[in-house]
Amino acid sequence: MVRPDEAVEALLQEFADLLAITDGDPYKIRAYENAARTIAGYPADVSHLDVESLREIPNIGRSIAEKITEYFTTGRIEALERLREEIPAGVRELVKIPTLGPRRAMVLYTDLGIASVAQLEDAIQSGLLEEQHGFGPKTAANLLHGIELLTQSKGRIPLRDALATAEEIIVHLSAVPACMTCTYAGSLRRMCETVGDVDVLAASTEPEPVMDAFTRLPIVAEVIARGPTKTSVRTATSLQVDLRVVPPASWGAALQYFTGSKEHNIRVREIAVRKGLKLSEYGLFRVDDDSLVVSETEEEVYAKLELAWIPPTLREDRGEIEAARTGRLPRLVTVADIQGDLHTHTDLTDGAATLSEMLAAAQGRGYHYYAVTDHAKNLTMQRMTDEKMLDQRSRLRMLADTTDMELLHGTELNIEPDGEVDWDADFLAGFDLRVASIHSRFGQPRKAMTRRLVRACENPHVNIIGHPTTRRINQRPPVNADFDAVFEAAAATGTALEVNSSPDRLDLPDDLILRARHHGVKFAVNTDAHAVAQLDFLRYGVGTAQRGWLTPDDVINTWPLEKLREFVAAKQERLTPAGVPHRRAPRRT
DNA sequence: GCCGTTTTCGGCCCGACTGTTTTCAGTCG
């Protein structure tokens, strides 16, 4: 079952897509897109709201509010049904082909009756397309190429891979004498979990040599477009990289512009317009005489619009502009705030490094404390036993004198299908800290899965729920659970939820972090490192936590050890032996 | 379709590149 808000988001987005294809008013299309995004980020269930309550949500007016209530009362939206009758679903698929937008998709459908990607491919092969006015041979070739990319590319590129490519490109371009400065922008700078393409920005008074160096990079497989200020290429791994070269004086405005998101920029530009200004990638200008106001730094651009500088990870039009205007931007958690890792492994189970190797690496990061949390016994393939675990604890205690870090002996428990975990209460009490995660039976029905996670939260010995959705980016979907119920249980019981930093997990994801935070949940940003090098994954988890608006106060492993120990002890005292937590009211923000 | 510190009507972000044209529409970000 889909969450009601997600169902509404999908319907509103579909409405926007169909309006675009039927040559709708662009502003109306945008209104539906804004509404879809707002509902997606809304922290509460909208299915029981009436029209008046819905209209209090930004970007929801009378018309959309009525469509939402219509959907929840009748199960359908009449206006959407009419559009669906007009436009086959296959035409909406056509728009996903790069270089084919809604206008020409509609022309293909009305003039040639093309209503699927397969039919378009046939029309190109048979030469039918070239008879169509406005569709020349180059267009045909581009569309074929786009179809090929669409069918072979499996979604977007994970953040880590895109970052590696971007950093390599920046090293090369920075070596070009004409290149004064160079960095990445776009969804990468916003630390999105996956990116569709890489945006690289360079400052130079002499763009040509920079563009030349870019197109000659060894990783470039194909040049898609080449102009004086913008060049797009595709790498051998099918990743599109756009390079923009701007004059140094425009650096700040360009960086702001190309960092996005598109939705954030639209809001910022609207503010500029209301002040009689115009913002482009070249700078902030006065509308009346075209004179330049500022453009050298991002800070100046935001300041002239009476906004505090907004961290890139917040630039998603999820309330950050209002916060910047009123001085209420959060002080986001950073890598430097993290005092210790609370979820790590060694070669006692499936890790690749020994206990002392992991400890030495952690010490090198300057942590104040560090938890070793090898897998518990029910994950039978790891062959864990009570004796091995106790032996590890003794070794850890003996190593205490060899390090400045406080060493915590923990474990990663398995949340069984019924919500129980490995070991009895006595054995569990012997650990300093316990993470509990789902490692099996991912396909349980929603009700059972919700109960499973809630029961784990209610266990007085479980301190952190590890990778709560168990999704793997581009590989495995999240488990199906009522996460608002889980968040409520986590907040009420004093159970932290993990932001797992592994780049193919990033779990919780940012949208769920935002929702969990509204319930008053605390978080732990951990690496789940199985090797020394994986301790560096922390940057991805911190980026995700920032996208979820988390401050150091929200994240238990930024706290001093004493406070962290109190957090663990408080749950145990509160929940044992009765096991019934007091309910706390959700936090309002 | 939404919105409001000039507005309940009349606005709504801005520019680059491509391909097909003959001066520009469509697409993208």
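On a predicted model such as this, the values are computed, not experimentally measured, just so you know.

Explain the sheet that holds strand β9 (residues 283–286) to me, please; I cannot follow it from the model alone.
Pairing between the strands of a sheet comes from backbone hydrogen bonds, and it takes one of two forms, parallel or antiparallel. Pairing in this open sheet of three strands is antiparallel, and the strands run β8-β9-β10 from one edge to the other. The two strands at the open ends of the sheet, each matched to only one other strand, are β8 (277–280) and β10 (292–294). Along the sheet, successive strands turn relative to each other by an average axial angle of 35 degrees, direction set aside. Examined bridge by bridge, β9 and β10 share two bridges and lie antiparallel to one another. Bridged to F285 within β10 is L292. Relative to the sheet, helix α14 (residues 262–274) contacts β8 and β9, its axis offset from that of β8 by approximately 150 degrees.

Looking at this structure, how should I read the layout of surface pockets?
Vacant regions in the atomic arrangement are exposed by a probe of water-molecule size rolled over the atoms. Here the second largest pocket defines a volume of roughly 310 Å³. The wall of the second largest pocket is formed by 19 residues, among which R472, S502, R505, D528 and H530 lie closest to the centre. Here the lining of the second largest pocket is built from residues that sort into four nonpolar, eight polar and seven charged.

Is there a simple way to explain the protein's contact with DNA strand B in this structure?
Surveying the vicinity of DNA strand B reveals 48 residues, the closest of which are R30, N59, G136, Y257 and R269. If you look at DNA strand B and keep only atoms within 4 Å of the protein, 78% of those are sugar or phosphate atoms. One of the backbone N or O atoms of G61 is found 2.6 Å from a phosphate oxygen in DNA strand B. The contact in question runs from a phosphate oxygen of DNA strand B to an N or O atom on the backbone of P228, over 3.4 Å.

Explanation requested: the domain arrangement of chain A in the structure shown.
Often the size quoted for an interface is simply the accessible area lost on bringing the parts together. What the domain assignment reports for chain A is domain 1 (4–152), domain 2 (157–246), domain 3 (251–325) and domain 4 (343–575). If you average the C-alpha positions of domain 2 and of domain 3, the two centres end up 23 Å apart. Counting residues at the interface gives 17 residues for domain 2 and 14 residues for domain 3. Across the domain 2/domain 3 interface, buried area totals approximately 1200 Å², and carbon plus sulfur atoms make up 68% of it. Interface area lost by domain 2 to domain 3 is led by R189, R190 and L201, which between them contribute 54%. Taken together, the links from domain 2 to domain 3 amount to two salt bridges. Two residues, E316 and R190, come together in a salt bridge whose shortest N-O distance is 2.7 Å.

Help me understand unusual backbone geometry, please; the structure alone is not making it clear to me.
Residues apart from glycine generally show negative phi values, whereas peptide bonds are mostly found in trans. Here the residue pair G260 and S261 is connected by a cis peptide bond, since its omega of -5 degrees sits within 30 degrees of zero. Tracing the backbone shows S261 in the loop between α13 (251–259) and α14. With an omega of 10 degrees, the peptide bond running from D507 to L508 counts as cis. Following the sequence through the fold, L508 ends up in the loop between β16 (496–500) and α22 (510–518).

Calculation notes
- Residues numbered from 1 in each chain as written.
- Chains lettered and ligands numbered in written order.
- Predicted model: local features only at pLDDT ≥ 70, side-chain atom pairs only at ≥ 80, totals over all residues.
- Heavy atoms only, no water.
- Pairing = 2+ DSSP bridges.
- Helix = DSSP H or I, 4+ residues; strand = E, 2+ residues; numbered from the N terminus.
- Axes fitted to C-alpha atoms, helices over the stretch in contact; angles between N-to-C directions.
- Contact = heavy atoms within 4.5 Å.
- 1 Å grid on protein atoms, 1.4 Å probe; cavity = no way out; pocket = protein on both sides within 12 Å on 5 of 7 lines; lining within 4 Å.
- Points joined across faces, edges and corners; volume = space filled by probe spheres on them.
- Nonpolar A, V, L, I, M, F, W, Y, C, P; charged D, E, K, R; others polar.
- Near = heavy atom within 4 Å.
- Polar contact = N/O pair within 3.5 Å; in protein donor to acceptor, adjacent residues only side chain to side chain.
- Domains from an automatic or database assignment.
- Buried area = accessible area lost by both parts, 1.4 Å probe.
- Salt bridge = Lys/Arg side-chain N within 4 Å of Asp/Glu carboxyl O.

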